[in-house]
Amino acid sequence: MIQLRPLTAEDAATIENWPKYPAEFDDLDYALRQDGWLAEFQDRPNTWLFSAEQSGELVAFTILATTKVGEAEFRIALRPDKTGQGLGRIITLQTLEKGFGEIGLTRIHLIVRKNNPRAIQLYHRLGFTLRGECHKDVNQKPAHFLIMDLQQDDYLASRTIAKTRR
């Protein structure tokens, strides 16, 4: 069972000491480190940082960072040894529930690297819609991203359909 809770300073220190990602995800490793995502977002107003625990063990963190009224950018990072186990789907769904439910967001958007087909497929399955592409420099290297989003109404409709199928 996965539990999402607010991220603590102790969690941040633990995350910085996680092992490196495998070569396939090497370009994502910066997100975990001292000047990574947590440093970028920890003091930003209207930003929610969550830790994901499995059996009391920290396995991931997520971020919802307000970009406009009612809208937030989503980010997720799994502990390197936990990739490919289906945890990304569960943790993303829990974060969407917090965003659309407790926080009251109407739109959640993200960017995902074009060379990360597993993540792209996951976001499509969860109802995210492709909205475009962008290019950014990350750690002085060019990176190519897809822009995707999910509207609250679409999320709620997909949940209703899923419940009726059970």
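For every chain, the first residue of the written sequence is number 1, and numbering continues from 1 along that sequence. Thresholds applied to this predicted model are a pLDDT of at least 70 for local features of residues and 80 or more for the giving and counting of side-chain atom pairs; totals over whole chains, interfaces and linings are not thresholded and use all residues. Hydrogen atoms and water are omitted, and side-chain values are computed over all heavy atoms in the structure.

Strand pairing within a sheet occurs via backbone hydrogen bonds; the two strands may be parallel or antiparallel. On the basis of which strands lie adjacent, the open sheet formed by seven strands has the order β1-β2-β3-β4-β5-β7-β6 and mixed pairing. With partners counted over all chains shown, the strands left at the sheet margins are β1 (2-6) and β6 (129-138), one partner each. If you compare each strand with its neighbour and ignore which way they point, the axes differ by 30 degrees on average. Pairing between two strands requires that DSSP report at least two bridges joining them. The way it works is that DSSP assigns letters per residue, a run of H or I at least four long becomes a helix, a run of E at least two long becomes a strand, and they are numbered from the N terminus. Note that β1 and strand β2 (residues 47-54) share five bridges and pair antiparallel. Within the sheet, the bridge partner assigned to Gln-3 lies in β2 and is Glu-53. Axis lines are fitted to C-alpha atoms, over the contacting stretch for helices. Their N-to-C directions set the angle, which ranges from 0 to 180 degrees.

Quick look at the environment of Phe-100 now. With respect to the helices and strands, the residue Phe-100 is situated in helix α3 (residues 87-103). A sequence separation of 30 residues divides Phe-100 from Gly-70, and the C-alpha atoms of the two residues are 9.3 Å apart. For this analysis, residues touch if any pair of their heavy atoms sits within 4.5 Å. With near-sequence residues (within four places) excluded, Phe-100 lies in contact with Leu-105, Thr-106, Arg-107, Ile-108, Leu-150, Gln-151, Gln-152 and Tyr-155.

Attention now goes to unusual backbone geometry. Positive phi values are uncommon outside glycine, yet Ser-55 reaches one of about 55 degrees. Relative to the assigned elements, Ser-55 resides in the loop between β2 and β3 (57-68). Three labels apply to residues, based on accessible area from a 1.4 Å probe with only protein chains included: buried if under 20% of the type maximum, exposed if over 50%, partly exposed otherwise in between. Judged by its relative accessible area of 72%, Ser-55 is exposed. The phi dihedral of Asn-139 is positive, around 55 degrees, even though this residue is not glycine. Among the residues examined, Asn-139 registers a relative accessible area of 45% and is labelled partly exposed.

This next bit is on the environment of Lys-82. Residue position: Lys-82 is located in the loop between β4 (71-78) and α3. Residue Lys-82 is classed as buried on the basis of its relative accessible area, which comes to 13%. Sequence separation between Lys-82 and Lys-20 is 62 residues, and the spatial gap between their C-alpha atoms is 12 Å. Beyond its immediate sequence surroundings of up to four residues, Lys-82 is in contact with Gln-54, Glu-57, Val-59 and Leu-87.

So, on to helix α1 (residues 9-16). Residues Asp-11, Ala-12 and Ile-15 constitute the buried set of α1. The buried residues of α1 occupy one face: seen down the axis, they fall within an arc of 100 degrees. Facing away from the buried side of α1 by over 90 degrees, the exposed positions are Ala-9 and Glu-10. Its buried side turned inward, α1 meets β1, α2 (37-41), β2 and β3. Directions drawn from the helix axis to the C-beta atoms are what define this arc.

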